[in-house]
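# Examination of the molecular architecture
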Amino acid sequence: MESTHLLTSSKKRVKIHPHTVTAKYTKHTPYSPQPGVHTHFPQPGDEGYDDAPSFEDFGSFLEETSDKKQLTEGRKWPLTLFGSKDKETDKKPQAAVAGDGGSEGGAKAAKGSGKGVGEQLASFGEASVSASRLTWVGLLGAALAHGCLIVLTRLASERFGLGPLFLLLVRSIVQLLSVAVPLHRGENLFGPPGHRLRLLCYGVSYTLSLCCAYASLTFVSPGNATTTWRLATTALSATLAFLLLEERLGLADGITVAAGLCGLGLVLLPTADGSDSDSPTDPVAFWRCAFGWSLSALAGLWMALALVGYRSLKERVGVATALFTVSWTGCLLAPASLALLQEGWSWPSSAPAWGLVLGLVACSVAAFLGMTHALTRLHPALVSASQSLEAPVAMLLHLAVLPLAPSAPEVVGNVMVMLSVGWLVATKLLPARGGGRRQREEYEEIMDSPIK
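Residues numbered from 1 in each chain as written. Predicted model: local features only at pLDDT ≥ 70, side-chain atom pairs only at ≥ 80, totals over all residues. Heavy atoms only, no water.

Moving on, we get to the overall build of the protein chain. Scanning the protein chain for helices and strands turns up 15 helices and four strands. Looking at the protein chain as a whole, 41% of its 452 residues qualify as buried. Surface exposure of the protein chain reaches about 23800 Å², of which carbon and sulfur atoms provide 64%. (Helix = DSSP H or I, 4+ residues; strand = E, 2+ residues; numbered from the N terminus. Buried < 20%, exposed > 50% of the residue type's maximum accessible area, 1.4 Å probe, protein only. Areas by Shrake-Rupley, 256 points an atom, 1.4 Å probe, with all protein chains shown as cover.)

What follows is the structure, encoded as structure tokens:
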């Protein structure tokens, strides 16, 4: 039996005999397949084969299991609507080493001592924590921007008479300037081929969510509408991510998210709007409030679909392209919502009004960028749960701008939201006790495994 062992520019012809094995090296450039010669690629144990897996692959394995999702053991569903989570890792070709000396040296360096593995684990841990810190800083900044957005929308409506849907239309028009970023990078404005329909569905879902949320402000108070929207988005995104992407929350994350949802529920306990001067027995006021609550819950459903949709796209679509998609779909759907609800057009007539509108646009862009970037690394429910921090931020800003005393359940609920988000950030960023030893054991187990 005769086989050819490929090593860059060297050709190793091996003849196997029942009692002897001889090898002969010859130079062969370039390589061309020969008839009747079986090509044999390096296998574990052969000379020139690097037994140790690349640490980059191990890093992606840790990120897949510990940071992005925690799957419970059991049988997975064979098919999902969004094609399940894309687990294809870009396999980098390993550079072969010509000669026995280089092969032995590479194997020894790869297998190394425990000290080398520890250094690699420390390097990977620092890079992972750094990336996670940037992600969570962006998420907390997005929550702060969302809180400012709530207050600015209320001020624009009460002091300048600007309708919520009109503000959404102006916001979408100004955000069209984001088209410059994908054009500068040479990206397709409508997404890469094969993912354009999914990107369109994401843009439509996101815009419909905004239309429903802004329309609900006409019927219920901004605080109740926003809190209902966030509560529905978080709960439904966790459910849809499991059903459509097979992504499950870990036990600790699930408990933390549930605590945050309970806090939002406490904020909603005083269901009677303070601005509602009508009697609760008035059927018109009742159905107006019911319609507003329904629009808020529907906005949560559309937003959950949008978050899960972009999560399925991952890094195939840039954040700027996603922002442009949301902008042009908003320019189409916002006028339709204005006509449907017969909300009048009222342009800003003073410099403070225009400044408030521009501040609103800036806050919306900052919130969008922070959330969308985080979706490439975190579970959609965690992204939405972190944005629950907008409720305490809005309450504090209301106390500063509009002196309104919050109720006791509202204060307790906001405290629970802040504690849950703080605990969530702490568990993701602070190193767990014994985490380095656990990662080292996992890495060495993969190295010793016969299946690489």
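Over the atoms a probe the size of a water molecule is rolled, and this reveals where empty space is left. Per the counting criterion, the structure on display carries five cavities of 30 Å³ or more. When contributions to the lining of the largest cavity are tallied by element, the ones reaching two or more residues are α3 (114-159), α6 (196-216), α7 (222-245) and α11 (351-374). Among the elements that take part in the lining of the largest cavity, α7 stands out by supplying five residues, more than any other. Split into classes, the residues belonging to the lining of the largest cavity amount to 14 nonpolar, four polar and three charged. Looking at the second largest cavity, its volume works out to about 80 Å³. As for the second largest cavity, its lining consists of T234, T256, V257, G260, L261, L264, A385, S388, V417, S420, V421 and L424. (1 Å grid on protein atoms, 1.4 Å probe; cavity = no way out; pocket = protein on both sides within 12 Å on 5 of 7 lines; lining within 4 Å. Points joined across faces, edges and corners; volume = space filled by probe spheres on them. Nonpolar A, V, L, I, M, F, W, Y, C, P; charged D, E, K, R; others polar.)

Mapped onto the secondary structure, T325 falls in helix α10 (residues 319-341). Between the C-alpha atom of T325 and that of T207, which follows or precedes it by 118 residues, the distance is 9.4 Å.

With 63 residues, the main nonpolar core has W136, L168, Y202, Y206, Y310, F368 and V383 as its most contacted residues. Leaving out residues up to four positions away in the same chain, L168 has contacts with L210, C211, Y214 and A334. L240, A241, L245 and V308 belong to the second largest nonpolar core, which has six residues in total. (Core = buried A, V, L, I, M, F, W, Y, C linked by side-chain atoms within 4.5 Å. Contact = heavy atoms within 4.5 Å.)

Summary statistics for the protein chain give a mean pLDDT of 75 and a share of 63% for residues scoring 70 or more. Strand β1 (residues 2-7) is the least confidently modelled element of the protein chain, averaging 44 in pLDDT, while α6 averages 95, the highest of any element. Within the model, pLDDT remains below 50 along residues 1-10, and this stretch shows 41 contacts once partners closer than five positions in the same chain are excluded. (pLDDT = per-residue confidence, 0-100.)

The next thing to look at is the pattern of salt bridges. All chains considered together, the criterion is met by four salt bridges. Two residues, R154 and E158, come together in a salt bridge whose shortest N-O distance is 2.9 Å. Highlighted residues: R154 and E158, both in helix α3, separated by four residues, approximately one helical turn. Of the charged contacts, one joins K428 and D253 as a salt bridge, the two residues approaching to 2.9 Å between their closest N and O atoms. One end of the pair, K428, is in helix α14 (residues 408-429); the other, D253, is in helix α8 (residues 251-267), and 175 residues separate them in sequence. Using a relative accessible area of 9% as the deciding quantity, one classes D253 as buried. (Salt bridge = Lys/Arg side-chain N within 4 Å of Asp/Glu carboxyl O.)

Interhelical geometry of α6 versus helix α9 (residues 283-313) gives an angle of 155° and a closest axis separation of 8 Å. Overall, the two elements α6 and α9 adopt an arrangement that is roughly antiparallel. Note that α6 runs across α9; the crossing there is left-handed. (Axes fitted to C-alpha atoms, helices over the stretch in contact; angles between N-to-C directions. Parallel < 35°, antiparallel > 145°, perpendicular 65-115°, else oblique. Left-handed = near helix turned anticlockwise from the far one by under 90°.)

Turning next to α7. Here α7 spans 32 Å end to end across 24 residues, near enough to the 34 Å set by a 1.5 Å rise per residue. Where α7 ends, the next residue or the one after it, E246, has phi of about 60°, a positive value. (Expected span 1.5 Å × (residues − 1).)

For the rest of this paragraph, the subject is the packing of aromatic side chains. Summed over all chains, the structure comprises seven aromatic pairs. When the ring of Y202 is compared with that of Y206, the centres are 6.0 Å apart and the planes differ by 55°; the resulting orientation is tilted. One end of the pair, Y202, and the other, Y206, are both in helix α6, four residues apart, so they sit about a helical turn from each other. In terms of burial, Y202 and Y206 fall into one category: buried. Ring geometry for Y202 versus Y310: centroids 5.4 Å apart, planes at 45°, classification tilted. One end of the pair, Y202, is in helix α6; the other, Y310, is in helix α9, and 108 residues separate them in sequence. As far as burial versus exposure is concerned, Y202 and Y310 are alike and both buried. For R230, the ring lying beneath its charged end belongs to W229, and the centroid distance is 5.7 Å. (Phe/Tyr/Trp six-rings, centres within 6.5 Å; stacked < 30°, edge-to-face > 60°. Lys NZ or Arg CZ within 6 Å of the ring centre and 35° of its normal.)

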